[in-house]
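Descriptive structure summary
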Amino acid sequence: MKLQNRIIAITGAGQGLGRAMAVHLAREGARIAVIDLNQDHMDETKAQVEAAGSSAATFTCNVADEAQVEQTFAAIVAEMGGLHGLINNAGILRDGLLVKAKDGEIKKMSLAQWQAVIDVNLTGVFLCGREAAAQMIQTGEGGCIINISSIARAGNFGQSNYSAAKAGVAAMAVTWAKELARYKIRANAIAPGFIATEMTAGMPPEALEKICKGIPAGRMGTPDEIGDTAVFLLLNDYMSGRVVEVDGGLRL
Ligand code: NAP
């Protein structure tokens with residue numbers, strides 16, 4: 001897909017990887033529908049997209065809320081004139097062990113901790129993917145969906161909720177590639193390793209240091225490296241149903 005004047009929606013684009021992908025796509029001429037919760041953060045992304053030579057519109061939306069997602073994707077098409085791509089990027093962490101025995105007590109991951117991550121990272125991807133696909137089919141121009149998975153999809157210590165959701169979104173990308181090809185819609189996933197964003201900045205420094213020592217590339221990835229990958233997946237019309245790992249060689 002050529003990106004000049006194409007309309008690409010990115011969830012969680014108010015900061016981090018979402019913002020970096022928005023700027024990279026803008027440099028290729030794409031117009032960005034910025035979806036997030038915080039208006040100030042979205043305004044900053046919009047300014048950076050404009051500085052990169054393109055335009056953006058902002059849409060406040062909780063991706064886990066069905067009515068808000070339906071309304072948002074209808075509004076993107078009505079206000080921006082179409083929809084050619086979606087990057088399902090919004091995500092949260094609520095890490096914890098499944099169970100932990102300490103001093104004779106068993107501490108458990110709460111259902112709320114599980115559900116919060118499943119709601120945003122799995123159900124949010126389902127809802128946005130569904131609404132984007134429906135809009136793309138109606139406009140009849142085809143399109144491309146990218147789900148942001150994670151290296152944690154293989155299963156990661158302290159991340160029952162997050163790993164389950166990230167495995168789910170990788171599987172959905174493969175499923176959608178099969179189901180949506182007849183409408184000329186492709187679907188792929190990106191599975192980043194550890195990338196320097198606000199999300200990883202919130203991790204304990206000693207844990208991060210230990211992780212970095214185990215990365216064959218010798219460092220964390222940069223948001224720009226994920227931005228490059230998103231551009232490649234959107235541009236290449238024969239890429240579909242694949243999970244692209246961008247992790248500096250790390251295996252969990
Ligand atoms: P981030 O800096 O925390 O950004 C995530 C964005 O998503 C924030 O702007 C956040 O808004 C937004 N968001 C959260 N819940 C939302 C909701 N319910 N509806 C709409 N927007 C919501 O995270 P990041 O590091 O850029 O990560 C982006 C994606 O990459 C996530 O899916 C993450 O799991 C994945 N990933 C990241 C890494 C990494 O190393 N950074 C590695 C693998 C995968 P607020 O801040 O306003 O809540």
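You'll find the structure just up there.
Here the structure is a predicted model, which means the values were calculated and not measured. (Residues numbered from 1 in each chain as written. Predicted model: local features only at pLDDT ≥ 70, side-chain atom pairs only at ≥ 80, totals over all residues. Heavy atoms only, no water.)

Turning to the side chain of threonine 72, a few remarks are in order. Along the chain, threonine 72 falls in helix α3 (residues 66–80). A residue is classified by how much of its surface remains accessible, and threonine 72, at 2% relative accessible area, is buried. Ignoring any residue separated from it by four or fewer positions in sequence, one finds threonine 72 in contact with Ile35, Phe59, Thr60 and Cys61. (Helix = DSSP H or I, 4+ residues; strand = E, 2+ residues; numbered from the N terminus. Buried < 20%, exposed > 50% of the residue type's maximum accessible area, 1.4 Å probe, protein only. Contact = heavy atoms within 4.5 Å.)

Here we come to the nonpolar core. If you look at the biggest cluster of nonpolar residues, it comprises 38 residues, and the most contacted ones within it are Ala9, Phe59, Phe73, Ile76, Leu83 and Ile145. Looking at this core, the elements that each hand over two or more residues are β1 (7–11), β2 (31–36), β3 (56–60), α3, α4 (111–139), α5 (160–180) and β8 (185–192). Broken down by element, the residue count for this core peaks at nine residues, all from α4. Apart from the residues lying within four places of it in its own chain, the contact partners of isoleucine 76 are Ile7, Ala9, Ala33, Ile35, Phe59, Gly81, Gly82 and Leu83. Ranked by size, the runner-up nonpolar core spans 29 residues in total, among them Ala13, Ile190, Ile226 and Leu234. (Core = buried A, V, L, I, M, F, W, Y, C linked by side-chain atoms within 4.5 Å.)

Right, let's get into the site of the ligand. Taken together, 28 residues form the shell around the ligand, and within it Asp36, Asn89, Tyr162, Ile195 and Thr197 come nearest. Taking cysteine 61, its main chain carries an N or O atom lying 3.4 Å from a nitrogen atom of the ligand. Here an oxygen atom of the ligand sits 2.8 Å away from a polar atom, N or O, in the side chain of lysine 166. Computed on the free molecule, the ligand has an accessible area of 890 Å², of which 89% lies beneath the protein chains in the complex. At the level of secondary structure, the elements contributing two or more residues to the shell around the ligand comprise α1 (16–27), α5 and α6 (198–201). Sort the elements by how many residues they give to the shell around the ligand and α6 lands first, with three residues. Counted by class, the shell around the ligand contains 13 nonpolar, 12 polar and three charged residues. (Near = heavy atom within 4 Å. Polar contact = N/O pair within 3.5 Å; in protein donor to acceptor, adjacent residues only side chain to side chain. Areas by Shrake-Rupley, 256 points an atom, 1.4 Å probe, with all protein chains shown as cover. Nonpolar A, V, L, I, M, F, W, Y, C, P; charged D, E, K, R; others polar.)

Turning to the sheet that holds strand β4 (residues 85–88), a few remarks are in order. As a general point, the strands of a sheet are linked pairwise by backbone hydrogen bonds and lie either parallel or antiparallel. Strand order in the open sheet made by the seven strands is β3-β2-β1-β4-β7-β8-β9, with parallel pairing throughout. Only two strands of the sheet have a single neighbouring strand rather than two, namely β3 and β9 (243–246). On average, each strand axis in the sheet is tilted by 20° relative to the strand beside it, whichever way the strands run. Judged from the four bridges that link them, β8 and β9 form a sheet pairing that is parallel. In the strand pairing of β9, isoleucine 190 is matched with valine 244. The sheet contacts of helix α2 (residues 39–51) involve β2 and β3, and relative to β3 the element is tilted by about 165°. (Pairing = 2+ DSSP bridges. Axes fitted to C-alpha atoms, helices over the stretch in contact; angles between N-to-C directions.)

Bringing the packing of α4 against α5 into the picture now. Put simply, α4 and α5 touch, their axes get as near as 8 Å, and they point 15° apart. Between α4 and α5, the crossing angle belongs to the class labelled roughly parallel. As for the relative orientation of α4 and α5, their crossing is right-handed in sense. Facing α4, whose interface residues are Gln113, Trp114, Val117, Ile118, Asn121, Leu122, Val125, Phe126, Gly129 and Ala133, α5 presents Ser160, Asn161, Tyr162, Ala164, Ala165, Lys166, Gly168, Val169, Met172, Trp176 and Leu180. For the contact of α4 with α5, the per-class residue count stands at 14 nonpolar, six polar and one charged. (Parallel < 35°, antiparallel > 145°, perpendicular 65-115°, else oblique. Left-handed = near helix turned anticlockwise from the far one by under 90°.)

Summarising the element assignment, threonine 197 is placed in the loop between β8 and α6. Using a relative accessible area of 15% as the deciding quantity, one classes threonine 197 as buried. The spacing of threonine 197 and proline 223 is 26 residues in sequence and 7.2 Å in space, taken between C-alpha atoms. With near-sequence residues (within four places) excluded, threonine 197 lies in contact with Gly16, Leu17 and Pro223. A distance of 3.1 Å separates a polar side-chain atom of threonine 197 from the backbone nitrogen of methionine 199.

Let us look at the pattern of salt bridges. Using the criterion set out here, one finds 10 salt bridges in the structure. Across the salt bridge formed by glutamate 225 and arginine 219, the nearest N and O atoms sit 2.7 Å from each other. Each of Glu66, Glu70, Arg130 and Glu131 takes part in a single network of salt bridges with overlapping partners. (Salt bridge = Lys/Arg side-chain N within 4 Å of Asp/Glu carboxyl O.)

Of note, serine 240 is situated in the loop between α8 (223–235) and β9. Overall, the relative accessible area of 28% leaves serine 240 in the partly exposed class. Setting aside residues up to four positions removed in sequence, serine 240 forms contacts with Ala177, Arg186, Ala187 and Asn188.

All we've got here are geometric facts, nothing functional implied.
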